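Close look at the chain arrangement
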Amino acid sequence: MQVIMSILSRLIQRLPRTVWNGRYWLTVLFVLSTISGNAQNPSLEYQLKAVFLFNFTQFVDWPAESFPNNKSPLVIGVIGENPFGKYLEQAVSGETKNGHPVVVQYYRDEEAAKFCHMLFINLPESDKRKQVIEKIKEEPVLTVSDASDFSIQGGLVRFVTRKNKIKLQINLEACKELGLVPSSKLLKLADIIEPGKTN
Amino acid sequence: MNRVKLTEVLFKNLPIRKKLLRIVFLINGIVLLVAGMAFFGNEFYSFKKATVEKLSTIGKIIAANSTAALAFDSPDDAREILAALRAEPHIVAACIYDKNGKIFSEYYAGNEKSKFPPSPGPQGYRFSYTNLDGFVPVMQETLPLGTLYLRSDMGALHSWLGLYAVVVVVILLVSFLLAYILVRLLGKSISTPILALSETAKIISERNDYTVRATKMSNDELGTLTEAFNQMLDQIKKKDDNLNEFNQNLELKVHERTEQLETVNKELEGFSYSVSHDLRAPLRAIVGFTSILEEEYANRLDVEGKRITSIIKKNTMKMGRLIDDLLEFSQLGRHDGTKTSFNMQKMVKDVKDVLATQYNTGKINWSIGDLPNVNANASMIRQVWVNLIANAIKYSGKMEAPQIEIGAMTKVSEYVFFVTDNGVGFDQQYSDKLFKVFQRLHSAEEFEGTGVGLALVNKIITREGGSVWAESEPGKGASFYFSLPVRNEIRINHQ
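Residues numbered from 1 in each chain as written. Chains lettered and ligands numbered in written order. Predicted model: local features only at pLDDT ≥ 70, side-chain atom pairs only at ≥ 80, totals over all residues.

**What about the overall build of chain A?**
Helix and strand content of chain A: 8 helices and 10 strands. Put simply, chain A has 199 residues, and 36% of those count as buried. Put simply, 59% of the contacts in chain A that link residues at least 6 apart link residues at least 24 apart. (Helix = DSSP H or I, 4+ residues; strand = E, 2+ residues; numbered from the N terminus. Buried ≥ 20, exposed ≤ 12 C-beta atoms within 10 Å, placed from the backbone. Contact = placed C-beta atoms within 7 Å.)

**Quick look at the overall build of chain B**
Regarding its fold elements, chain B presents 12 helices and 12 strands. Sorting the 495 residues of chain B into buried and exposed places 21% on the buried side. Counting only contacts in chain B whose residues sit at least 6 apart along the sequence, the fraction spanning at least 24 positions is 65%.

**Brief notes about the pairing of strand β2 (residues 103–108) of chain B**
It is a general feature of regular strands that their side chains alternate between the two faces of the sheet. One ladder, built from 5 bridges, connects strand β1 (residues 91–98) of chain B with β2(B); its direction is antiparallel. Along β2(B), the bridge assignment pairs C95(B) with E106(B). (Pairing = 2+ DSSP bridges.)

**A look at the pairing of strand β2 (residues 74–80) of chain A**
Residues and elements named next belong to chain A. Burial analysis of β2 places 6 of its 7 residues in the buried class, which makes it a mostly covered element. Pairing of β2 with strand β4 (residues 100–107), which is carried by 6 bridges, proceeds in the parallel orientation. The residue bridging L74 from the neighbouring strand is V102, located in β4. Two elements, β2 and strand β5 (residues 118–122), share 5 bridges in a ladder whose sense is parallel. What sits directly across from G80, in β5, is N122.

**Looking at the nonpolar core**
Core analysis: the largest hydrophobic core is formed by 74 residues, its most contacted members being L53(A), L119(A) and A94(B). Take this core: its biggest share by element is 8 residues, from helix α4 (residues 44–59) of chain A. In this structure L53(A) touches I76(A), L88(A), M118(A), F120(A) and V144(A), once residues within four positions along its chain are discounted. Residues V424(B), L456(B), I460(B) and F480(B) belong to the second largest nonpolar core, which totals 35 residues. (Core = buried A, V, L, I, M, F, W, Y, C linked by C-beta atoms within 7 Å.)

**Remarks on the packing of helix α6 (residues 188–207) of chain B against helix α7 (residues 221–296) of chain B**
Residues and elements named next belong to chain B. At a minimum axis distance of 10 Å, the contact between α6 and α7 shows a crossing angle of 15 degrees. By the angle between their axes, α6 is roughly parallel relative to α7. Seen from above, α6 lies across α7 with left-handed handedness. Contacts between α6 and α7 involve I190, P193, I194 and L197 from the first element and L222, L225, T226 and F229 from the second. Of the residues in the contact of α6 with α7, the class split is 7 nonpolar, 1 polar and no charged. (Axes fitted to C-alpha atoms, helices over the stretch in contact; angles between N-to-C directions. Parallel < 35°, antiparallel > 145°, perpendicular 65-115°, else oblique. Left-handed = near helix turned anticlockwise from the far one by under 90°. Nonpolar A, V, L, I, M, F, W, Y, C, P; charged D, E, K, R; others polar.)

**Quick look at the sheet that holds strand β11 (residues 468–472) of chain B**
All names here are of chain B. Pairing in this open sheet of 5 strands is mixed, and the strands run β7-β9-β10-β12-β11 from one edge to the other. Two strands lie at the open edges of the sheet, namely β7 (365–368) and β11, each paired on one side alone. Taken over all neighbouring pairs, the strand axes of this sheet differ in orientation by 15 degrees on average, direction set aside. Sheet strands touched by helix α10 (residues 378–396): β9 (403–410), β10 (414–421) and β12 (478–485). Its angle to β10, the strand with the most contacts, is close to 25 degrees.

**A look at the interface of chain A and chain B**
Taken together, the contacts link 14 residues of chain A with 14 residues of chain B. When residues of the side of chain A that touches chain B are traced back to their parent elements, those giving at least two are α1 (2–14), α4, β8 (165–170) and α8 (184–189) of chain A. A per-element tally of the side of chain A that touches chain B places α4(A) first, with 5 residues. Residue composition of the side of chain A that touches chain B, by class: 8 nonpolar, 4 polar and 2 charged.

**Here we look at helix α11 (residues 453–463) of chain B**
Every buried residue of α11(B) is listed here: G453(B), L454(B), L456(B), V457(B), K459(B), I460(B) and I461(B). G465(B) lies just past α11(B) and shows a positive phi near 90 degrees.

**Focus: the packing of helix α2 (residues 16–65) of chain B against α6(B)**
All names here are of chain B. It is at 9 Å that the axes of α2 and α6 come closest, and there the two elements cross at 155 degrees. Classified by the angle their axes make, α2 and α6 are roughly antiparallel. Considering how the two elements wind past one another, α2 and α6 form a crossing that is right-handed. Seen from α2, the contacting residues are I16, R17 and L20; seen from α6, they are I190, S191, I194 and L195.

**Section: helix α9 (residues 344–358) of chain B**
Residue and element names in this part refer to chain B. Here α9 spans 22 Å end to end across 15 residues, near enough to the 21 Å set by a 1.5 Å rise per residue. Among all positions of α9, only M344, V348 and V351 are buried. End-on, the buried residues of α9 take up no more than an arc of 65 degrees, which puts them together on one face. Pointing more than 90 degrees away from the buried face of α9 are the exposed residues K346, D353 and T357. Where α9 is buried, its residues touch β6 (340–342), β7, β8 (374–376), α10 and β9. (Expected span 1.5 Å × (residues − 1). Arc of directions from axis to C-beta.)

**So, the sheet that holds β4(A)**
All names here are of chain A. The 8 strands lie next to each other as β3-β4-β2-β5-β6-β7-β8-β10, forming an open sheet whose pairing is mixed. The open sheet has two edge strands with one neighbour each: β3 (96–97) and β10 (191–192). Pairing between β5 and strand β6 (residues 142–145): 3 bridges, direction parallel. Across the sheet, residue F120 finds its bridge partner in β6, namely V144. Each of β2, β3, β4, β5, β6, β7 (157–162) and β8 is contacted by α4, which is oriented at about 155 degrees to β5, the strand it contacts most. Of the strands in this sheet, β2, β5 and β6 are in contact with helix α6 (residues 126–136), which crosses β5 at around 165 degrees.

Here it is in structure tokens:
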């Protein structure tokens, strides 16, 4: 984790001073993402998102039943194309949540995704996303995605890029139904949405 | 300046009331200062501790609240959280560092933008001269996310210090005022008896009146002192009275005795005078009739009768001289002690010349030294010289080449005069007998005389404040000395 953060900081330090200004943030992200593309290093945007995913493990409490025992891992799953490269794995390596080691798993089909605690859904097709969400909607899995209709589809957390910043949208009601408890501090940062009502 | 001198300067010459006041002020001041400093130290320490605790609590709350903002990269939220610090005006600035030590969010109480430490320091709170700085780790559970930095100014401490100083000064002033009033009120119980005592002592020593008594005002040491003082006065008074009485009695007695003595002395003098005088009348008769016998009955007396008549006449005349000497001796007491300065040298020469007409002095080898002038009764001293020189002539008269030496020695406080002859001399062991009346070392047949002369010398010289003594060996002549005290005016006259 520390290694990654230092790499990240070094990367940021190398940027020209004017670029460090928030106004250019999106441009930088965009340029970086197009240049790097599917290359080994993920874009800065996904590096941040990877850190966010790990941080969710610290700001959300899962029901005790979701862990078979005290030592069983807290699993972050990624379904669809992996946008993080090795970055997410590096971010969580050695970290724990209440004694549960945090691990990353990559899934091809939604069946296996039932047994993770957090699932980043990186599926461009809306139908496929719907399919995955429907499959695990009874399980205490914190679903995360960038997709704009994710909340309506029943997803729990959505990354929103607004004013050059990554913002969070959380479907609190749905979380509570599944026994997931996001920290109030997290909720303070996030926009709480209720898809049942018109937004 | 050493301690003794300091206390002397502070207290020595002050009246007791001021001394008390000063002692109380000193003690009061020192006690208050020490107590004030102790309280101040304690308060200062607890205030600092409380300030740290307060800041620490605020720090913990802010740090706990800012975890999510750090975790999800939301400087706006962090700024909002930090903005809550506005409720605490002493926190002048705050910032949050991210995990990499970069400043993530800043807060300023005023418009002034202060500089933050470039990177977070070690955890904890530190006082600098103007600020209290603290670094608080921002952690979600066990996950370190960044560091919170808080800067509190010392305004609270400084305003508190000012207030404390004012309070201390006020307390000091009030307690000094109270101490002053209390000393004025309570100190009287100590100072009044002492002042009264010293006043009494002053009165007594000024007026010599031992009947004055100090008033006892309390039952403490001062009361005891007053009692002792009064008892002492009683004793002094008693002794003074006794002494006065004794003195009066003594004076009376001395007066009485003197009168008695004078009476007795007068009686005695009168007696000896009248005795001597009365004794001369029958003697004159004896001499007169013996002379008639010698002149008118010379042809009827044989040789033996004439010899006896001559013996009667000689002895009668001798008795007359004896009576004359006694008369002179007894009259000595009647002479007044008028002292005059006179020429001793001239007096001795006169005496020698006069005696030369009475005695056969043709053979005598005279040697007269320098004699100082003295201040004494001239006629008395003349009598002394007459007796001493006549003695010398008498006792050296039988020598083939009689010598008489007269001289003087000047000592520190007295003059010593002497008359030395080369006559028969006497045994030194009898020398003290010489100067008593009717004491003779030689028989009247051997050397004529009455035995009164040297006694007279002794009496006169003693009255003049001097002394008489003699040195001799049988057959080797004799020296008679007498001393007279030196008086300053004598020396002046002499010069």
